[in-house]
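Listed here are the chains, written in short residue letters.
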Number of protein chains: 2
Amino acid sequence: MTHPTGRLSDVVHQRHRLGILAIADEAARVEFTYLHEVLELTRGNLNRHLAVLEEAGLIVLEKGYDGRRPKTWIVITDEGRAALSAELTALEELIRRHGGRPHR
Amino acid sequence: MTHPTGRLSDVVHQRHRLGILAIADEAARVEFTYLHEVLELTRGNLNRHLAVLEEAGLIVLEKGYDGRRPKTWIVITDEGRAALSAELTALEELIRRHGGRPHR
């Protein structure tokens, strides 16, 4: 049977993208600047990861205004929720195999 | 407070390297061919990931013979166990924040 890490997808598993999906999944939508601050990513780096997730259909970007200020919101798609669920399930199995801690 | 994914290290978190460390941590040492089969990696790809882990001091490679056949064993170091423990702790926190499943 494939090792749990064999069921992880690089698109989702990359640590910044995993953070983006996890945070986006906690709300109906999440604002770009919030992600930039919480994940401590540069705007350029965040944009690159958002492009990978959007290309994979795991998020959509909504453009709008807050007053006169342009804003971008990130919305996780159903496909994104399913991909995050598969990732968390595989990680849970990895952790279970390890009893939560490395073997002393 | 940094998001849990902000405490992950790319050296450890990359899915194949995470698999190598997790398996290596389950035994005193693990044989190259076993890893190659269980993780379904090509020998070249496995060698590249082992080099990254060895360079980071998280594993050491032991060369020997099984009869006349040359063998390579992978041994996780104390630093490797500590790095794996930090990774699993951060992943556990991520999963806990998510109640084990994405929010419906």
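An unreviewed UniProt entry lists chain A under the name Winged helix DNA-binding domain-containing protein, with Nonomuraea wenchangensis given as the organism.

## Focus: the overall build of chain A
What chain A contains, in helices and strands, is 5 helices and 3 strands. Order of helices (α) and strands (β) in chain A, N terminus to C terminus: α-α-β-α-α-β-β-α. Dimensions of chain A, computed from C-alpha atoms along their principal axes, come out at roughly 55 × 25 × 20 Å. Within chain A, counting contacts between residues at least 6 apart in sequence, those at least 24 apart form 51% of the total. Approximately 5300 Å² of chain A is accessible, and the part contributed by carbon and sulfur atoms is 50%. A distance of 5 Å separates the average location of the 15 positive side-chain charges in chain A from that of its 15 negative side-chain charges.

## As for the sheet that holds strand 2 (residues 59-66) of chain B
Residues and elements named next belong to chain B. Reading across from one edge, 1-3-2 is the order of the 3 strands in this open sheet, with antiparallel pairing throughout. One side of each edge strand has no neighbouring strand; the edge strands of this open sheet are strand 1 (30-31) and strand 2. Sheet analysis places strand 2 next to strand 3 (residues 69-76), joined by 8 bridges and oriented antiparallel. Across the sheet, residue glycine 64 finds its bridge partner in strand 3, namely lysine 71.

## Details of the interface of chain A and chain B
At the interface, 34 residues of chain A touch 34 residues of chain B. Note on chain A versus chain B: buried area summed over both sides is about 3200 Å², and carbon and sulfur give 57% of it. Of all residues in chain A, Arg15, Leu88 and Ile95 of chain A give up the largest surface area on contact with chain B, accounting jointly for 19% of the area buried on that side. If you look at where chain A meets chain B, you find 4 salt bridges.

Conventions adopted
Residues numbered from 1 in each chain as written. Chains lettered and ligands numbered in written order. Predicted model: local features only at pLDDT ≥ 70, side-chain atom pairs only at ≥ 80, totals over all residues. Heavy atoms only, no water. Helix = DSSP H or I, 4+ residues; strand = E, 2+ residues; numbered from the N terminus. Contact = heavy atoms within 4.5 Å. Areas by Shrake-Rupley, 256 points an atom, 1.4 Å probe, with all protein chains shown as cover. Lys, Arg positive; Asp, Glu negative; His and termini not counted. Charge placed at Lys NZ, Arg CZ, Asp CG, Glu CD. Pairing = 2+ DSSP bridges. Buried area = accessible area lost by both parts, 1.4 Å probe. Salt bridge = Lys/Arg side-chain N within 4 Å of Asp/Glu carboxyl O.

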